[in-house]
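Listed below, chain by chain, are the residues.
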Amino acid sequence: MSLSATRPRLSPEETQERILVVAEDLFRRVGYAKTSVADIAAQLSMSPANVYRFFPSKGAINEAICGRFIAEADALVDRIADGDLPPAERIVTLIVEHHRFNRSNFVAERRVFDMVEVAMAENWPTIERHMGHVSAALARCVAAGVADGSFRPVDPLATAITLKKACMMVIHPTMIALCADQDLETVARDIVALCVRGLAAPTTTKA
């Protein structure tokens, strides 16, 4: 009996997953630019044409891999935004943890950072959707603070977008990489502390 006859047939989903796993390994070890679809196919003992049945290009493979990182980041900010911490602490934690996530996953490994840079350049709408997700999570934190009286009555989404822009230096992978010689976690805490103080509802003192 031939080997091919005994090899279990994979579903399209399983084959797609194998392609992504092998591609990510090659991108990490060899580098995105130096890895071709033919290299991925060879590792899988299949033809490049078979790989193209599942992904139209190497860029599409990279997009799918980076999409996983983005999904993890989205889940992270959602857990924090919808958690039990006081609203001000949620905002601080969300920005700091998002910074840590991006630094450890995208910047610490140069070859992973290269993958992300390509994904941002080739598929900016996906990045914009993620940034919108972060804004929405921050808006929920702001809304919670307005509701419990700890924040001034502000527009939650507009405020969240401004807050995100103020923190872009510490959450955008490219900015993190450019400022790698700085203690950006401390910078993140300082920026968010300033923003939160600006949001705080005025306290009244009794005569």
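Residues numbered from 1 in each chain as written. Predicted model: local features only at pLDDT ≥ 70, side-chain atom pairs only at ≥ 80, totals over all residues. Heavy atoms only, no water.

> I'd love a proper account of the overall build of the protein chain, names of residues and values included.
Each helix and strand in the protein chain was counted, giving twelve helices and zero strands. The linear arrangement of helices and strands in the protein chain, starting from the amino end, is α-α-α-α-α-α-α-α-α-α-α-α. Against the globule reference of 17 Å for 207 residues, the protein chain gives a C-alpha radius of gyration of 22 Å, more extended than a compact globule. Sequence-distant contacts, at least 24 apart, represent 69% of the contacts inside the protein chain between residues at least 6 apart. Taken as a whole, the protein chain presents about 11,200 Å² of accessible surface, with 57% of it coming from carbon and sulfur. (Helix = DSSP H or I, 4+ residues; strand = E, 2+ residues; numbered from the N terminus. Rg over C-alpha atoms; globule rule 2.2 N^0.38 Å. Contact = heavy atoms within 4.5 Å. Areas by Shrake-Rupley, 256 points an atom, 1.4 Å probe, with all protein chains shown as cover.)

> So what about the side chain of H99? Which residues, and what values?
With respect to the helices, strands and loops of the structure, H99 is situated in helix 6 (residues 87–107). For H99, a relative accessible area of 1% puts it in the buried group. (Buried < 20%, exposed > 50% of the residue type's maximum accessible area, 1.4 Å probe, protein only.)

> Just give me the short version of the confidence of the model for the protein chain, but keep the residues and values in it.
Mean pLDDT over the protein chain stands at 89; residues scoring 70 or higher make up 93%. Note on residues 1–5: pLDDT is under 50 here. Beyond four places in sequence and across chains, it has one contact. (pLDDT = per-residue confidence, 0-100.)

> For the pattern of salt bridges, give the residues involved together with the corresponding values.
Taken as a whole, this structure holds nine salt bridges when the rule is applied. The partner of E24 in a salt bridge is R28, and the shortest N-O contact between them spans 3.0 Å. In this pair, E24 and R28 are both assigned in helix 2 (residues 12–29), four residues apart and thus about one turn of the helix distant. Note on E24: relative accessible area 18%, which makes it buried. Here R28 falls in the partly exposed class, since its relative accessible area comes to 27%. When the shortest N-O distance is used, the salt bridge between R140 and D78 registers 3.0 Å. Residue R140 is found in helix 8 (residues 124–148), and its partner D78 is found in helix 5 (residues 58–81); the two are separated by 62 residues along the sequence. One continuous salt-bridge network, built from bridges that share partners, spans E97, R100, R103, E185 and R189. (Salt bridge = Lys/Arg side-chain N within 4 Å of Asp/Glu carboxyl O.)

> I'd like a rundown of unusual backbone geometry, residues and numbers included.
The phi dihedral of S45 is positive, around 55 degrees, even though this residue is not glycine. On the secondary structure map, S45 appears in the loop between helix 3 (37–43) and helix 4 (48–54).

> Could you give me a rundown of the packing of helix 2 against helix 7 (residues 110–122), with the residues and numbers involved?
Contact pair helix 2 / helix 7: the axes reach a minimum separation of 7 Å and the direction vectors enclose 115 degrees. In this structure, helix 2 contributes F27, R28 and R29 to the contact, and helix 7 contributes R111, V112 and M115. Looking at the contact of helix 2 with helix 7 residue by residue, the class counts come to three nonpolar, no polar and three charged. (Axes fitted to C-alpha atoms, helices over the stretch in contact; angles between N-to-C directions. Nonpolar A, V, L, I, M, F, W, Y, C, P; charged D, E, K, R; others polar.)

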